[in-house]
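# An overview of the molecular structure
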Amino acid sequence: SSSSISQTICSPNSYSFNGQSYSTSGTYTATLTNAVGCDSVITLNLTVVDVQITQEPSSSLSLVEGTTGSLTVTATGATSYVWQILLSGTWMNVSNGTTYSGATTSTLGITAALSLNGSQYRVVATGSAGCSDTSQASTLTVTPALNRVIRIDALTACIGDTIEVPVEAKDFVGVSGLSLVINYNG
(Lines give C-alpha, C1' and ligand atoms only; values in the text may rest on other atoms or scores of the structure.)
Protein backbone atom coordinates (compact mmCIF):
# COMPACT_ATOMS: atom_id res chain seq x y z
CA SER A 1 0.00 0.00 0.00
CA SER A 2 1.03 3.61 -0.35
CA SER A 3 -0.06 7.02 0.87
CA SER A 4 1.15 10.58 0.77
CA ILE A 5 1.20 13.50 3.14
CA SER A 6 1.49 17.13 2.04
CA GLN A 7 2.67 19.50 4.73
CA THR A 8 3.63 23.20 4.79
CA ILE A 9 5.70 24.59 7.65
CA CYS A 10 7.25 27.95 8.46
CA SER A 11 11.02 28.34 8.55
CA PRO A 12 12.94 27.77 10.81
CA ASN A 13 10.56 25.08 12.14
CA SER A 14 11.02 21.41 11.31
CA TYR A 15 8.63 18.55 10.63
CA SER A 16 9.03 15.08 12.17
CA PHE A 17 8.50 12.15 9.82
CA ASN A 18 9.46 8.53 10.45
CA GLY A 19 11.71 9.50 13.36
CA GLN A 20 13.55 12.21 11.40
CA SER A 21 13.23 16.01 11.53
CA TYR A 22 13.10 17.83 8.20
CA SER A 23 13.45 21.58 7.72
CA THR A 24 14.04 21.72 3.95
CA SER A 25 11.40 21.55 1.23
CA GLY A 26 11.42 18.22 -0.57
CA THR A 27 9.90 14.79 -1.02
CA TYR A 28 10.74 12.18 1.61
CA THR A 29 9.69 8.53 1.69
CA ALA A 30 9.48 5.86 4.36
CA THR A 31 8.77 2.18 3.94
CA LEU A 32 6.89 0.69 6.87
CA THR A 33 5.18 -2.62 7.51
CA ASN A 34 1.39 -2.39 7.47
CA ALA A 35 -1.06 -4.30 9.71
CA VAL A 36 -0.98 -7.45 7.50
CA GLY A 37 2.82 -7.56 7.22
CA CYS A 38 3.22 -6.00 3.77
CA ASP A 39 5.32 -3.00 2.78
CA SER A 40 3.60 0.36 2.97
CA VAL A 41 5.29 3.33 1.31
CA ILE A 42 4.48 6.76 2.73
CA THR A 43 5.58 9.88 0.84
CA LEU A 44 5.95 13.25 2.55
CA ASN A 45 5.73 16.31 0.30
CA LEU A 46 7.19 19.03 2.53
CA THR A 47 7.07 22.72 1.69
CA VAL A 48 9.05 25.11 3.89
CA VAL A 49 7.89 28.70 3.61
CA ASP A 50 10.21 31.52 4.59
CA VAL A 51 9.19 35.11 5.29
CA GLN A 52 12.21 37.18 6.07
CA ILE A 53 12.74 40.88 6.55
CA THR A 54 15.79 41.62 4.42
CA GLN A 55 15.91 45.39 4.92
CA GLU A 56 14.93 46.77 8.31
CA PRO A 57 13.33 50.20 8.69
CA SER A 58 15.74 52.85 9.98
CA SER A 59 16.21 52.69 13.74
CA SER A 60 15.08 56.30 14.09
CA LEU A 61 13.06 58.88 12.21
CA SER A 62 13.21 62.61 12.99
CA LEU A 63 10.41 64.90 11.84
CA VAL A 64 9.26 68.45 12.49
CA GLU A 65 5.73 68.71 13.82
CA GLY A 66 3.21 68.73 10.95
CA THR A 67 5.60 67.26 8.37
CA THR A 68 5.37 63.78 6.89
CA GLY A 69 8.01 61.06 6.79
CA SER A 70 8.05 57.32 6.28
CA LEU A 71 9.46 54.02 7.48
CA THR A 72 10.09 51.29 4.88
CA VAL A 73 10.84 47.59 5.13
CA THR A 74 11.70 44.96 2.52
CA ALA A 75 10.65 41.36 3.13
CA THR A 76 10.97 38.25 0.98
CA GLY A 77 7.93 35.98 0.84
CA ALA A 78 5.63 38.55 2.43
CA THR A 79 2.10 39.01 1.14
CA SER A 80 0.86 41.37 3.86
CA TYR A 81 2.20 43.91 6.31
CA VAL A 82 0.85 45.30 9.58
CA TRP A 83 2.57 48.32 11.16
CA GLN A 84 2.36 48.61 14.93
CA ILE A 85 3.02 51.25 17.60
CA LEU A 86 4.13 50.50 21.17
CA LEU A 87 1.53 51.90 23.60
CA SER A 88 1.86 51.27 27.35
CA GLY A 89 4.06 48.24 26.76
CA THR A 90 1.74 46.63 24.16
CA TRP A 91 2.19 46.58 20.38
CA MET A 92 -1.01 47.90 18.75
CA ASN A 93 -1.84 47.97 15.03
CA VAL A 94 -1.95 51.44 13.46
CA SER A 95 -4.77 52.47 11.13
CA ASN A 96 -4.80 54.75 8.11
CA GLY A 97 -6.17 58.22 8.79
CA THR A 98 -4.85 61.74 9.29
CA THR A 99 -1.74 60.53 11.14
CA TYR A 100 -0.86 57.35 9.22
CA SER A 101 -0.96 56.09 5.66
CA GLY A 102 0.17 52.73 4.29
CA ALA A 103 -0.57 50.93 7.58
CA THR A 104 -0.83 47.60 5.69
CA THR A 105 1.95 48.12 3.15
CA SER A 106 5.74 47.92 3.25
CA THR A 107 5.95 51.72 3.80
CA LEU A 108 4.27 53.53 6.69
CA GLY A 109 3.68 57.26 6.21
CA ILE A 110 3.58 59.30 9.42
CA THR A 111 2.39 62.88 9.85
CA ALA A 112 4.28 64.08 12.91
CA ALA A 113 2.48 65.34 15.99
CA LEU A 114 4.22 66.31 19.24
CA SER A 115 2.19 63.62 21.05
CA LEU A 116 4.05 60.98 18.99
CA ASN A 117 7.51 62.10 20.11
CA GLY A 118 9.42 59.03 21.32
CA SER A 119 6.93 56.54 19.87
CA GLN A 120 8.28 53.21 18.64
CA TYR A 121 7.09 51.45 15.48
CA ARG A 122 7.60 47.98 13.98
CA VAL A 123 6.09 45.93 11.18
CA VAL A 124 4.96 42.31 11.03
CA ALA A 125 5.41 40.84 7.54
CA THR A 126 3.30 37.72 6.86
CA GLY A 127 3.40 35.23 3.97
CA SER A 128 0.65 33.23 2.28
CA ALA A 129 1.10 30.22 4.62
CA GLY A 130 0.77 32.41 7.73
CA CYS A 131 4.51 32.57 8.41
CA SER A 132 5.75 35.93 9.66
CA ASP A 133 8.79 37.96 10.59
CA THR A 134 8.87 41.08 12.77
CA SER A 135 11.16 44.06 12.18
CA GLN A 136 13.29 45.89 14.67
CA ALA A 137 11.68 48.87 16.38
CA SER A 138 12.11 52.41 15.02
CA THR A 139 11.86 55.47 17.27
CA LEU A 140 10.16 58.67 16.11
CA THR A 141 11.53 62.02 17.27
CA VAL A 142 9.23 65.01 16.72
CA THR A 143 10.47 68.57 17.17
CA PRO A 144 8.10 71.53 17.45
CA ALA A 145 7.32 73.49 14.33
CA LEU A 146 8.77 76.97 14.59
CA ASN A 147 6.52 79.64 13.19
CA ARG A 148 9.10 82.34 13.72
CA VAL A 149 7.75 85.84 13.52
CA ILE A 150 9.74 89.06 13.70
CA ARG A 151 7.82 92.27 13.30
CA ILE A 152 9.06 95.82 13.65
CA ASP A 153 6.59 98.59 13.01
CA ALA A 154 7.67 101.60 10.92
CA LEU A 155 8.80 104.57 12.97
CA THR A 156 9.36 108.23 12.22
CA ALA A 157 11.55 110.35 14.49
CA CYS A 158 13.53 113.54 14.44
CA ILE A 159 17.23 113.92 15.14
CA GLY A 160 17.82 113.83 18.87
CA ASP A 161 14.54 112.09 19.69
CA THR A 162 14.62 109.10 22.00
CA ILE A 163 12.49 106.33 20.58
CA GLU A 164 11.34 102.89 21.61
CA VAL A 165 11.33 100.24 18.92
CA PRO A 166 8.70 97.58 19.59
CA VAL A 167 9.88 94.19 18.36
CA GLU A 168 7.66 91.11 18.30
CA ALA A 169 9.53 87.80 18.23
CA LYS A 170 7.61 84.50 18.50
CA ASP A 171 8.63 80.81 18.51
CA PHE A 172 12.38 81.27 18.83
CA VAL A 173 12.96 78.05 20.75
CA GLY A 174 16.65 77.69 21.53
CA VAL A 175 17.54 81.25 20.47
CA SER A 176 19.37 83.08 23.27
CA GLY A 177 19.26 86.62 21.87
CA LEU A 178 18.33 88.91 18.99
CA SER A 179 20.21 91.90 17.59
CA LEU A 180 18.54 94.98 16.19
CA VAL A 181 20.36 97.27 13.77
CA ILE A 182 18.88 100.68 12.94
CA ASN A 183 19.99 102.54 9.87
CA TYR A 184 19.80 106.29 10.10
CA ASN A 185 19.07 108.27 6.99
CA GLY A 186 19.71 111.91 7.75
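In every chain, residue numbers begin from 1 and rise along the written sequence. Residues qualify for local features only when their pLDDT is at least 70, as the model is predicted, and side-chain atom pairs are given and counted only at 80 or more; totals for whole chains, interfaces and linings, by contrast, use all residues. In computing side-chain values, all of the structure's heavy atoms are included and hydrogens and water are not.

### Notes on the overall build of the chain
- Runs of E in the DSSP output that reach at least two residues are strands. Runs of H or I that reach at least four are helices, and both are numbered from the N terminus. Across its full length, the chain carries zero helices and 18 strands.
- Across the 186 residues in the chain, those meeting the buried criterion constitute 24%.
- At a minimum sequence separation of 6, the contacts of the chain that also span at least 24 residues come to 51%.
- For accessible areas, the Shrake-Rupley method is used with a probe of radius 1.4 Å. Any residue's cover is judged against the shown protein chains and nothing else. Carbon and sulfur atoms make up 48% of the accessible area of the chain, which totals about 11,700 Å². A simple rule labels every residue: compare its accessible area, found with a 1.4 Å probe on the protein chains alone, to the largest value its type can have, and call it buried under 20%, exposed over 50%, or partly exposed in between. Between two residues, a contact is recorded if the distance between any of their heavy atoms is within 4.5 Å.

### With respect to the packing of aromatic side chains
- Here a pair means two rings of Phe, Tyr or Trp (six-membered ring of Trp) with centres within 6.5 Å. Their orientation is stacked below 30 degrees between planes, edge-to-face above 60, and tilted elsewhere. One pass over the full model with this rule turns up three aromatic pairs.
- Ring centres of F17 and Y22 lie 6.5 Å apart, and the angle between their planes is 50°; this geometry places the pair in the tilted category.
- What makes F17 buried here is its relative accessible area of 8%.
- For Y22, a relative accessible area of 18% corresponds to the buried category.
- Their ring planes at 70° and their centres at 5.9 Å tell us that Y100 and Y121 sit as a pair that is edge-to-face.

### Comments concerning the state of the cysteines
- Disulfides are defined in this document as cysteine sulfur pairs within 2.5 Å. In total, this model carries one disulfide according to the counting rule given.
- The disulfide partner of C10 is C131, and the gap between their sulfur atoms is 2.0 Å. Taking the sign of the torsion about the S-S bond as the criterion, the disulfide between C10 and C131, at about -90°, is left-handed. Taken as a pair, C10 in strand β1 (residues 2-10) and C131 in the loop between β14 (120-126) and β15 (132-134) lie far apart in primary sequence, 121 residues in all.

### Some details on the sheet that holds β1
- An order of β1-β5-β4 is seen for the three strands of this open sheet, with the pairing classed as mixed. Both edges of this open sheet fall to β1 and β4 (26-33), since each of them pairs with a single strand only. Within the sheet, the average angular offset between the axes of one strand and its neighbour, ignoring direction, is 20°.
- Think of it this way: DSSP has to see at least two bridges between two strands before they count as a pair. As judged from the eight bridges shared by β4 and strand β5 (residues 39-49), these two strands associate in the antiparallel manner. Its bridge partner being in β5, T27 is matched across the sheet by N45. For helices, the fitted axis covers only the stretch in contact; all axes are lines through C-alpha atoms, and the angles between them, taken along N-to-C directions, range from 0 to 180 degrees.

### Examining unusual backbone geometry
- Going from S11 to P12, the amide bond is cis rather than trans, its omega being 10°.
- Note that P12 resides in the loop between β1 and β2 (15-17).
- Of note, N18 is a non-glycine position whose phi angle comes to about 55°, a positive value.
- At S88, a position not held by glycine, the phi torsion is positive, near 50°.
- Note on placement: S88 falls in the loop between β10 (80-87) and β11 (90-93).
- Residue classification places S88 among the exposed residues on the basis of a relative accessible area of 79%.

### Thoughts on the sheet that holds strand β13 (residues 107-111)
- Judged by pairing direction, the sheet is antiparallel, and its three strands sit side by side in the order β8-β13-β12 without closing on themselves. Across the chains shown, the open sheet's two edge strands, defined by having one partner strand only, are β8 (68-72) and β12 (100-101).

### Quick word on the side chain of S40
- Along the chain, S40 falls in strand β5.
- Accessibility expressed as a relative area gives 11% for S40, which makes it buried.
- Polar contacts involving the side chain of S40 include one to the side chain of S1, which spans 3.2 Å.
- Apart from residues lying up to four places away in sequence, S40 is in contact with S1, A30, T31, L32 and N34. Identification of polar contacts relies on pairs of N or O atoms within 3.5 Å, with a donor-acceptor requirement for protein atoms, meaning one able to donate a hydrogen and the other able to accept it, and with residues adjacent in sequence counted only if both atoms are side-chain atoms.

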